[in-house]
Amino acid sequence: MAFTLFIGRLLFASFFILSAYQLYLEFGTDRGPVVKVLEPKLNVFTKLITLKTGIKVPEVDTKHVVVAMIVLQGFGGVAFIFGSYLGAILLALHQLIFTPVLYDFYNYDVDETEFSQLFSKFTQDMALLGALLYFIGMKHSISLRKSRKTPKAKTN
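Residues numbered from 1 in each chain as written. Predicted model: local features only at pLDDT ≥ 70, side-chain atom pairs only at ≥ 80, totals over all residues. Heavy atoms only, no water.

Caption draft 1: Spotlight on helix H3 (residues 62-81). Taking 1.5 Å of rise per residue, 20 residues should cover 28 Å, and H3 covers 29 Å from first to last C-alpha, within 8% of that figure. Those residues of H3 not exposed but buried are Thr62, Val65, Val66, Met69, Ile70, Leu72, Gln73, Gly74, Gly76, Gly77, Phe80 and Ile81. The inward-facing, buried residues of H3 contact helix H1 (2-27), helix H2 (32-53), helix H4 (85-102) and helix H5 (113-148). A positive phi of about 80° marks Gly83, the residue just after H3. (Helix = DSSP H or I, 4+ residues; strand = E, 2+ residues; numbered from the N terminus. Expected span 1.5 Å × (residues − 1). Buried < 20%, exposed > 50% of the residue type's maximum accessible area, 1.4 Å probe, protein only. Contact = heavy atoms within 4.5 Å.)

Caption draft 2: The side chain of Asp104, seen in detail. Summarising the element assignment, Asp104 is placed in the loop between H4 and H5. A distance of 3.1 Å separates the side chain of Asp104 from the side chain of Asn107, its partner in a polar contact. Setting aside anything within four residues of it in sequence, one finds Asp104 in contact with Lys41 and Leu118. (Polar contact = N/O pair within 3.5 Å; in protein donor to acceptor, adjacent residues only side chain to side chain.)

Caption draft 3: How the structure looks around the environment of Phe6. Looking at the secondary structure, you find Phe6 in helix H1. Sequence-distant contacts of Phe6, that is, excluding residues within four places in its chain, are made with Ile81 and Phe82.

Caption draft 4: Spatial organisation of a negative patch on the surface. A cluster of acidic side chains, namely Asp109, Asp111, Glu112 and Glu114, defines a negative patch on the protein surface. When you line up the elements, Asp111 lands in the loop between H4 and H5. (Patch = residues over 30% accessible without salt bridge, like charges linked within 9 Å, V, L, I, M, F, W, Y side chains within 5 Å. Areas by Shrake-Rupley, 256 points an atom, 1.4 Å probe, with all protein chains shown as cover. Salt bridge = Lys/Arg side-chain N within 4 Å of Asp/Glu carboxyl O. Lys, Arg positive; Asp, Glu negative; His and termini not counted. Charge placed at Lys NZ, Arg CZ, Asp CG, Glu CD.)

In C-alpha cells, the structure reads:
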C-alpha cells in the first residue's frame, strides 16, 4: 500500500515538477515567452482586483512572478512526492494564486472560443486544488488520530 501511495504522489507531483522545469528552461536571458504571455494577464488581473475591491495592488515585476511559480511548483512537487504537508501547501498556494491569473476566462464572453478553453483549464486546475486540499485534510486527520492514540499510564 505504501508503494502505491508513493507512486500516486509521484505521478501527481510530476505534473508540477515538469511544468516548473519547462518554465525554467524557457525563462532564459530574454525572460522567455511565459513573461510575455503573463504580463498582460497580470496587469488585467491587478486592475480588476483594484476595481472590484478598491484595494491598490502594488506593482510586481512579472519576472519575479515567474520565479515564484517555478519555486512553488518545483519545491512543492518534490516535497509532495515524499508525503510532505508543506509540499501540498506550497502546491495549493500556487494553484490559489496563479490559476485565476493564468486562466482569465472572466475577461471573455461565453460565445468566444477562448472562454471555453480557459474555463476548461481553470476547472482542471481547481480539481487539482481540490485534490491537494483533500491530501492536506487527510494528513491533518491522520496526525490528530495518532496524537489521540497515545497510551495512558494504567493506575492500579
